Amino acid sequence: MKPTSPELYPAWTDAHLALKYISKGKARGCRAALWVRGESQQRLGQVGKRAGRRSLLVIISGIVPLALLCIGIQNIRLDTTLDSLWTPDSGRLQQELSYVSKASGLSTDTNEMLIQTPKKEAHRSILNSKAMQEHLEVLQRALGVTVDLYDLTWSLKDLCYSPNIPTFDISLIDQIFEKIFPCGIITPLDCFWDGAKLLGPDYPIQIPGFRLQGIKWTNLNPEELLRLSKLMILQQESLNVQGLTFEILEAFMKRAGIGSGYQEKPCLDPMDPECPISAPNKGSLVPPDVALILAQGCYGFAPRFMHWTPDLIIGGQVRNKSGNLIKAGGLMSTIQLMSSSELHEYSKETWRLHHIEWTESKAQDVLKAWHSRFAEEVARISLDDDRSNQFNFYSFTAAGLDSVVEGASQFSWFWASVRVIGIIVTGIAVGVALNGSPVAWKLRFSLLLAGFIVALLGTAAGCGLSGFLKIPFNVATVQVLPYLTISLGSQVFFLLLFSQLNGGYDAKATLKRHGFSIMLGVLTVAVFVGAGGLFPIPAVRSLALQGAILLVVSSFAILVIFPPICQIILKRHHSNGNSKTTQMKAPNVQVPFIAGSTNKTTTIPPVLIANNNLSPIRKEELKISSGDCYIDIGTNKDSEKKSLKKTWTEIYIQILSWKWFSGLVFLLYLSWIIFSALGILQLRLGLPITDVVPSNSSEWEFLTTQMDLFPVYQIRAVTKANFDYPNNQKLLHKFHETMGSLPWIIRDDNGGKPPMWLSVFRQWLIRLQKIFDVEWKLGYLHKEHWTTNASAEGILAWKLAVQTGHVGHPVDVTQLPGNRLVDNDGIINPRAFYVYLTAWAWNDPLAYGSTAANLRPEPRNWVHSPAETELKIPKSSPINYAEIAYILKTNKEDSDTPNIETQILSFVREIRSICSTFGSRGLPVFPWGIPFRYYEQYLNLPMDSGLVIGLATGMILIMLFFSLGFSLRPVGLIATVGLVTMTQIVGTLGWLGVGLNSLPVEIALLGVSFIVFATIQYIVAFCCIPGSVEGRRNIAFSLIGPPAVQSLISISLTALILYSPEFTFIFTHFTLLISIAALFALVNFLLLVPILLKIFIPNCWLIGTSTEDPTILLPLTPSPPPRRSNSSHNRSNNNSSSTRSNGKSGRSSRSNNYQQPPPYSVRSSNSRSNSYNNRNCTHNRAPSENSLSTITEEPTSCATRRSAEIVVQPQVVVETFDISRGDGSVPTTKTKVSAKLKVEVHSSIHSNIINPQSSMNSSENSGISASTSSSGSFTSSSASSSTSSYND
């Protein structure tokens, strides 16, 4: 007889037994796979055995280490800064950022920015005087905030970046310049006189003897002030010396373009009493044409070096064909602040801070406090009724952004409780709704709740272990990962629970059957998830490593603790259900076991029977426990009705058998793969920074508006040390020219490339050289000295011309007049390059500051004084660090690449290519800025993703190859399923428009792990079962399918609970992708895997040697020789058997060694040649008092008529009891039957008698049927019931 239950297959129940069949030549199969499975079964069986006997002790032993690991939660470190989370912390970029931070002290921009936009419902243009006045009021009031810290009051003037100013020998001028030079503010208000209101100073300057008192930028005319100061001072002091000093000052103002200041600019309100008379629209009744005035950008107080292009201050520009500005979407102002390192260096020498220990961290605290006050003031002012109804105001700073992210990343007990409860309720609802067993829902509810509690404990322990390992947590690992891990644990305990409820197994049997595949699946998922740790992004690396740790700890906690918990709950449930019993107890019966290689016996416990109205047993209802052999039979009409209803599993298996099913699935997946491939072509790289910023913050609003209206990015090209700047000027100019030719670079007013420090430096020297040449020809300058007619700049040029650049002899007047500051090729004199650099940086400070060169080391201090006769000029140190500033702009209207992120990646790629090209030519240069910090990682994403996916896949396939018996078929099947699922997920990313970055790749790996885990369980069961492909597939699905479907549905629904309204990336990358990936895994598990099983057909690990039917196994040992017995011998044997059976109790059978009942169909090697009759022979039958029948059989040869007698002695013990479930359902009756058959063959001829087959006929009263074949004595016990029987 062929087995119909998987419990009869040794490869499934006991791999070591299966190995014995192979080693004795009774079967063939995969030794390697069975050895691996057998070793794991042996160890897991020991764990399950202890869990069954000492359940409480095992539970406590598992909980204690988990509780100890939870202590590590207090060591958790939270990382919340965007730079440290989303910037690669290894590789080239990290080295460059470290170099910038070490050389210049800068790590990020510290500007404070303000954006104003009109309300959408207002439909008003921003280009009007009303909007400009609102912008002015908000900005002016916000800039007036102060903070009290460290016993000091800090204002904007203490923190802002001010343009460099020259120093003079006139104390009055120096004092005026120090007070009057404003903070650097880039604003559209600089196009109007009203912009002077932002420049201060806070306290008007009082100059004794001046008719104009209370000087501020609103009434300051620098040219007039200089003229009056010159007249007053020259009347009091030396005309010659002071005249030369004023000449330097006048030349400085002329070079900077400082003229009348703001006095000649139009006023926003022409009727403003303070509007100067020199304003072009003073007293006009017509408001200014804001669009026309802003069209070409604005100029600061030093127009030559302070030109704000329209792209920096006006957003969403709409121009007509003539280029005239007709509409704009927003206005932006930028306040330039010092970095923490700059503030520390600037303030540490001042008298204000002598009473405290001034450090850079304290400087950072001051900046953060002022940023917060600024943002609060903007938010408060913008809430005014009239203003809030017309305009939106958004402020931003990098420090404020980090503060917002930090606040949103904190752990919340409320939301944690809500999410955990939601996950548990969802999982329990799925488990109860898709209940595949007749167990009451209350019992199933308690078991599912226990499983989720164990998963929760394991997750907490995993978090503690991560804390001990000092893996930093972030917003993703706090807001998502713990809850996701709880849901992922359902894959394990749904499978264990299904086995114990539907299979009726104890902890030992459950772990032996499913433990190996579960461990293999968990390790596979851990490798997939942990592979993301190879990405250089700290946020993704922490997510991957912690995810792998949490998953492994949680899964193994469930594997160890959950089975004994189930056993305790089920024991209590069944003990409470034994409300009444009607018993006919019989003593235990010891029976020899024929299938093994030994003659050990086992004791079958008593069987209870209380009802004779039993339905016939069905083959598929046969269930045999590894600990006890018993028969469960449905005992009431309700169970018969349930058995007639088809479950979804049975319906699904019937659908799989339809002829057209495979064809439809093939067409479906062919179309699906084509559709996914088209989606892959739509993929775009990038992760918008707005996705990782809380969406309920003003910073998020600012960044969203900025990306939409102001797609402008400031970058810098950094040149490093180990470069000969004086002798490689041509290479540096060539680099700047190449960069300036990029289409994204914003050019100056004349369409030329932006200035570079070396070119501005050269222009200053060329101007001095021209002055020198003119005055040399006039005789004002000569080799010995200069005359009184020489100008201040002519004297400076003379001093520079005599410099040699050598420290030993720095001055050589014999070089005159042939020594040129700049030669005809535009190359600065290399020998005196660093001497000239000293003079330029300190005598043309506005020009030097406007280039944002940020040279390190800073040029040495030397200010030119025409009266100074000392000719030696200090030589600056060689440059180790220099910056070249560029402003890049993306364009939405670009027909080739309309996507902003695509354009960013394009110029990042192009600039990197330029830097690499010039680096190969000897110029050590690299780009620095926001686009490179956050977007360059995507250029390496394809290679990084290929490396991560390749290593993870390779490790898993190798592990599966060795674990599944060195067979390529199951490995190929799993690889195919994973590849299809990855294609589906990535294609969906493209169609949904989710930017591809390392985080979606990590989520895609997690999604692939869903289907791989379920497929491994499916394949292991499939390989343990012989027979046809359809039969093996159906049985394997009945064992694995229901819990796998439940877990995948639970994960998909759980992902919806992870939704966080604060972070967009949590929705797009976790809620959406995980839910979709779980659904894909579910569909692939139900449709694709069964089809692939028919294609790959993984080999069965144990197959019989029969060529006719490989499901039939031969017995492990030959049948014993038959012996003849007489009647007296039979009677005495029967009596002694009864005596032995009466002397044993039912529970004592636990001490006997039990071996699995005969797997498969056990027949003798020549059973097909055996027969109990011969067509040519007659049959004689004689009664026997010791047997049901005595059959006299003729030998195979009719010539030798010898009689053969078969004696069958049955012993049956039946006992029953009624069960009341307590849930209102109809009571059921539990019946157990133990049967012993003793078969003896008596014949006078031994040579021709061969292992006859005998069968046990159905009993009229019990309705139980079974069949067997044996020689000697034989024991059979089979069971069928609509209710599961549980035995400890």
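Source: prediction; values computed, not measured.

### Comments concerning the sheet that holds strand S17 (residues 882-889)
Line of reasoning, step 1. Strand order in this open sheet of three strands is S17-S16-S18, and the pairing throughout is antiparallel. Lying at the two open borders of the sheet, with one neighbouring strand each, are S17 and strand S18 (925-929). In this sheet, adjacent strand axes meet at a mean angle of 30 degrees when their direction is disregarded.
Line of reasoning, step 2. Relative to S17, strand S16 (residues 712-719) runs antiparallel, the two being bridged by eight bridges. Across the sheet, residue Thr719 finds its bridge partner in S17, namely Ala882.
Line of reasoning, step 3. Helix H6 (residues 92-104) rests against S16 and S18 of the sheet, and its axis sits at about 80 degrees to S18.
Line of reasoning, step 4. Seen against the sheet, helix H29 (residues 729-740) touches S16, S17 and S18 and runs at an angle of roughly 15 degrees to S17.

### Observations regarding helix H7 (residues 129-143)
Line of reasoning, step 1. Taking 1.5 Å per residue as the helical rise, H7 with its 15 residues ought to reach 21 Å, and the 21 Å between its terminal C-alpha atoms agrees with that figure.
Line of reasoning, step 2. Capping the start of H7, Asn128 holds a side-chain oxygen 3.2 Å from the backbone nitrogen of Lys130, two or three residues further along.

### What about the packing of helix H39 (residues 1029-1057) against helix H40 (residues 1064-1096)?
Line of reasoning, step 1. Running from amino to carboxyl end, H39 crosses H40 at an angle of 175 degrees, the nearest separation of the two axes being 9 Å. As far as their axial angle goes, H40 and H39 are roughly antiparallel.
Line of reasoning, step 2. Of the residues contributing to the contact of H39 with H40, the split by class is 20 nonpolar, four polar and three charged.

### A few points about the nonpolar core
Line of reasoning, step 1. With 246 residues, the main nonpolar core has Trp86, Phe735, Trp757 and Phe761 as its most contacted residues.
Line of reasoning, step 2. Of the residues forming this core, the biggest block, 20 residues, is contributed by helix H38 (residues 998-1024).
Line of reasoning, step 3. Those residues within four positions of Phe761 in sequence are excluded, and the remaining contacts are Ile828, Phe833, Tyr836, Leu837 and Trp840.
Line of reasoning, step 4. Judged by nonpolar contacts, the second largest core, of 84 residues, contains Leu189, Phe192, Trp308 and Leu337.

### Considering the environment of Gly987
Line of reasoning, step 1. By secondary structure assignment, the location of Gly987 is in helix H37 (residues 968-992).
Line of reasoning, step 2. Expressed as a C-alpha distance, the spacing of Gly987 and Ala677, which sit 310 residues apart in the sequence, is 6.0 Å.
Line of reasoning, step 3. Dropping the residues within four chain positions of it, Gly987 is found in contact with Ser676, Gly679 and Ile680.

### Overview of the packing of helix H23 (residues 507-530) against helix H36 (residues 941-963)
Line of reasoning, step 1. Put simply, H23 and H36 touch, their axes get as near as 9 Å, and they point 165 degrees apart. Accordingly, the angle class assigned to the pair H23 and H36 is roughly antiparallel. As H23 packs across H36, the resulting crossing turns out to be right-handed. From H23, Phe516, Leu520, Leu523, Thr524, Val527 and Phe528 reach across to H36, where they touch Ala952, Thr953, Met955, Ile956, Met959, Leu960 and Ser963.

### So, the environment of Gly257
Line of reasoning, step 1. Tracing the backbone shows Gly257 in the loop between helix H11 (239-256) and helix H12 (290-294).
Line of reasoning, step 2. Judged by relative accessible area, which is 33%, Gly257 ranks as partly exposed.
Line of reasoning, step 3. Linking Gly257 and Gly300, residues 43 residues apart in sequence, is a C-alpha distance of 9.9 Å.
Line of reasoning, step 4. Once you skip the residues sitting within four places of it in the chain, Gly257 turns out to touch Pro303 and Arg304.

### Overview of the pattern of salt bridges
Line of reasoning, step 1. Applying the stated criterion across every chain yields a total of 21 salt bridges.
Line of reasoning, step 2. For Glu901, the salt bridge is made with Arg684, and the minimal N-O distance between the two is 2.5 Å. With Glu901 in helix H34 (residues 900-920) and Arg684 in the loop between helix H27 (661-681) and helix H28 (698-709), the pair connects residues that are 217 residues apart, well separated along the chain.
Line of reasoning, step 3. Notably, a salt bridge pairs Glu936 with Arg912, separated by 2.5 Å at the nearest N-O pair.

### Brief notes about the state of the cysteines
Line of reasoning, step 1. If you walk through the whole model with that rule in mind, you get three disulfides.
Line of reasoning, step 2. The disulfide that involves Cys160 links it to Cys183, with 1.9 Å between the sulfurs. Classification of the bridge connecting Cys160 and Cys183 rests on its S-S torsion, roughly -70 degrees, and on that basis the disulfide is left-handed. In this pair, Cys160 is assigned in the loop between helix H8 (156-159) and helix H9 (171-180) and Cys183 in the loop between H9 and strand S5 (185-186), connecting sequence segments 23 residues apart.
Line of reasoning, step 3. Residue classification places Cys160 among the buried positions, given a relative accessible area of 4%.
Line of reasoning, step 4. Judged by its relative accessible area of 10%, Cys183 falls in the buried class.
Line of reasoning, step 5. The disulfide partner of Cys191 is Cys298, and the gap between their sulfur atoms is 1.7 Å. Judged by the torsion about the S-S bond (-105 degrees), the Cys191/Cys298 disulfide is left-handed.

### A look at the pairing of strand S11 (residues 330-335)
Successive side chains on a regular strand alternate, one facing one side of the sheet and the next facing the other.
Line of reasoning, step 1. Burial of S11 is extensive: six of the six residues sit out of reach of the surface.
Line of reasoning, step 2. Relative to S11, strand S2 (residues 112-118) is paired through five bridges, and the arrangement is antiparallel. Its bridge partner being in S11, Met113 is matched across the sheet by Thr334.
Line of reasoning, step 3. The pairing of S5 with S11 spans two bridges and is antiparallel. Bridge assignment links Ile186 to a residue of S11, and that residue is Thr334.
Line of reasoning, step 4. Two elements, strand S8 (residues 314-315) and S11, share two bridges in a ladder whose sense is antiparallel. Its bridge partner being in S11, Ile314 is matched across the sheet by Leu331.

### Side note on the pairing of S2
Line of reasoning, step 1. Of all seven residues in S2, seven are buried; the element is thus mostly enclosed.
Line of reasoning, step 2. Taken together, the six bridges between S2 and strand S12 (residues 391-396) define a ladder with antiparallel strand orientation. From the neighbouring strand, Thr117 faces S12, where its bridge partner is Asn392.

### Notes on empty space enclosed by the protein
Line of reasoning, step 1. Summed over the entire model, instances satisfying the criterion amount to 11 cavities of 30 Å³ or more.
Line of reasoning, step 2. Lining the largest cavity are 16 residues; nearest its centre among them are Phe177, Ile180, Pro222, Leu225 and Met253.
Line of reasoning, step 3. Volume-wise, the second largest cavity comes out at about 110 Å³.
Line of reasoning, step 4. Surrounding the second largest cavity, 13 residues form its lining, Leu481, Leu484, Val529, Gly547 and Leu1006 being those nearest its centre.
Line of reasoning, step 5. When contributions to the lining of the second largest cavity are tallied by element, the ones reaching two or more residues are helix H21 (481-488), helix H24 (538-577) and H38.
Line of reasoning, step 6. For the lining of the second largest cavity, the class distribution of residues is 10 nonpolar, two polar and one charged.

Rules and cut-offs
- Residues numbered from 1 in each chain as written.
- Predicted model: local features only at pLDDT ≥ 70, side-chain atom pairs only at ≥ 80, totals over all residues.
- Heavy atoms only, no water.
- Pairing = 2+ DSSP bridges.
- Helix = DSSP H or I, 4+ residues; strand = E, 2+ residues; numbered from the N terminus.
- Axes fitted to C-alpha atoms, helices over the stretch in contact; angles between N-to-C directions.
- Contact = heavy atoms within 4.5 Å.
- Expected span 1.5 Å × (residues − 1).
- Polar contact = N/O pair within 3.5 Å; in protein donor to acceptor, adjacent residues only side chain to side chain.
- Parallel < 35°, antiparallel > 145°, perpendicular 65-115°, else oblique.
- Nonpolar A, V, L, I, M, F, W, Y, C, P; charged D, E, K, R; others polar.
- Core = buried A, V, L, I, M, F, W, Y, C linked by side-chain atoms within 4.5 Å.
- Buried < 20%, exposed > 50% of the residue type's maximum accessible area, 1.4 Å probe, protein only.
- Left-handed = near helix turned anticlockwise from the far one by under 90°.
- Salt bridge = Lys/Arg side-chain N within 4 Å of Asp/Glu carboxyl O.
- Disulfide = S-S within 2.5 Å.
- 1 Å grid on protein atoms, 1.4 Å probe; cavity = no way out; pocket = protein on both sides within 12 Å on 5 of 7 lines; lining within 4 Å.
- Points joined across faces, edges and corners; volume = space filled by probe spheres on them.

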